[in-house]
Amino acid sequence: MSSILVVEDEWHLAQGLRFNLEEEGFTVEVAETGEAALEKIPVGAQPFDLVVLDVMLPGIDGFTVVRTLRERNQFVPVLMLTARGRSEDVLHGFASGADDYLPKPFELSILIARVNGLLRRKQWLESKPVDPTDLYEFSGRTLDFNAMEVSVADRKMPLTLMEANLMRYLIRHKGKTISRKSILEDVWGMSEDTDTRAIDNFIVRLRRYIEDDPSEPKHLLTVRGVGYRFVG
Ligand code: CA
């Protein structure tokens, strides 16, 4: 049974989410603030399989919560609840390390579908037998898609689900120019009205992992006016 932490200060919404997720068979805990959420996920522990995280919280906001988790190397999947029409929230959420987002107000069935989608990806990654070929090596770096991390010399940097998925997609299309639109649709299953700058934030982060000099990329190239190209 998967356990979910719901971080939401609006009592009615939090209880509604708890009730409906429990009906789906999940174990649910609720935190009303970001601070309380971080306390429930102590450094080095992984008490939850997924976090549903509201952006607007009293005290520290949802962006700070997810960024703090990622800085602590905690890579629990995070589904962010953002305000509708605020594409900057979506961009900021991805840049902070969220795996997926849902604008408020949302339909419960959609939320549950997103939760199940993230859990399936997590379980798939965890349950896959260790496959030594699921490594990609280039330029002194090793991308390990089982462990979801990048190694450079003796340094290991963990990847979020979304970073790993995007990296895998770029490698699969090595040498080809890929548009932002196809990344949005194929990697994130997002519609084309989503602001494509969300992609650019991810690319900036991936460059920090895989480029010697992220400002002079040699592997993850920008193709002006179109998108990106990965060169191994
Ligand atoms: Ca709220």
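Just so you know, the residues in each chain are numbered from 1, in the order the chain's sequence is written. Local features in this predicted model are restricted to residues whose pLDDT is 70 or higher, and side-chain atom pairs enter the listing and the counts only when it is 80 or higher, whereas totals over whole chains, interfaces and linings include all residues. The basis for every side-chain value is the complete set of heavy atoms in the structure, and neither hydrogens nor water enter the calculation.

Enquirer: Honestly, the nonpolar core in this entry has me stumped. Any pointers?
Expert: For soluble globular proteins, the rule of thumb is that nonpolar side chains tend to be buried together. For the purposes of this section, nonpolar cores are sets of buried Ala, Val, Leu, Ile, Met, Phe, Trp, Tyr and Cys residues that join through side-chain atoms within 4.5 Å. Each residue is assigned to one of three classes by its accessible area relative to the maximum for its type, calculated with a 1.4 Å probe on protein chains only: buried under 20%, partly exposed between the two thresholds, exposed over 50%. Of all hydrophobic cores here, the largest spans 73 residues; its most connected members are Leu53, Val78, Met80, Leu111, Val115, Leu143 and Trp188. Secondary structure follows DSSP: runs of H or I at least 4 residues long count as helices, runs of E at least 2 residues long count as strands, and numbering of each begins at the N terminus. Element by element, the count of residues in this core is highest for helix H6 (residues 161-172), at 8 residues. Two domains share this core, each providing at least three of its residues, namely domain 1 (3-127) and domain 2 (132-230). Setting aside its immediate chain neighbours within four residues, Leu143 contacts Asp134, Leu135, Tyr136, Phe138, Glu149, Val150, Leu159, Met167 and Ile171. The start and end points of each domain follow an automatic or database-based domain assignment. By the convention used here, residues are in contact when the closest approach between their heavy atoms is within 4.5 Å.

Enquirer: Before we go on, may I ask you to explain the coordination of the calcium ion in this structure?
Expert: A four-donor tetrahedral metal ideally has 109.5 degree angles, and a six-donor octahedral metal ideally has angles of 90 or 180 degrees. Atoms are scored as donors when they are N, O or S and lie within 2.8 Å of the metal, with 3.2 Å used for Na, K and Ca; no water is included, so coordination may look incomplete. The protein atoms that coordinate the calcium ion are Glu8 (OE), Asp9 (OD), Asp54 (OD) and Met56 (O), at distances spanning 2.1 to 3.1 Å. Mapping the donors of the calcium ion onto the primary sequence yields the spacing E-D-x44-D-x1-M.

Enquirer: Can you walk me through the packing of aromatic side chains in this structure?
Expert: Centre distance and the angle of the planes are the two values used to describe a pair of aromatic rings. Any Phe, Tyr or Trp ring, taking Trp's six-membered ring, that has another such ring centre within 6.5 Å forms a pair; planes under 30 degrees apart are called stacked, those over 60 apart edge-to-face, and the others tilted. This model, assessed by the stated rule, comprises 3 aromatic pairs. Residues Phe138 and Phe230 carry aromatic rings whose centres are separated by 5.5 Å and whose planes lie at 85° to one another, so their mutual orientation is edge-to-face. With a gap of 92 residues between them, Phe138 in strand S6 (residues 135-138) and Phe230 in strand S12 (residues 227-230) connect regions that are remote in the sequence. One exposure class covers both Phe138 and Phe230, and it is buried. Here a set of aromatic residues connected by ring pairs shows up, and it is made of Tyr136, Phe138 and Phe230. A ring is considered to have a charge above it if a Lys NZ or an Arg CZ atom is located within 6 Å of its centre and within 35 degrees of its normal. Arg168 extends its terminal NZ or CZ atom over the ring of Phe145, reaching a point 4.5 Å from the ring centre. Looking at Arg205, its charged tip hangs above the ring of Phe202, at a distance of 5.0 Å from the centre.

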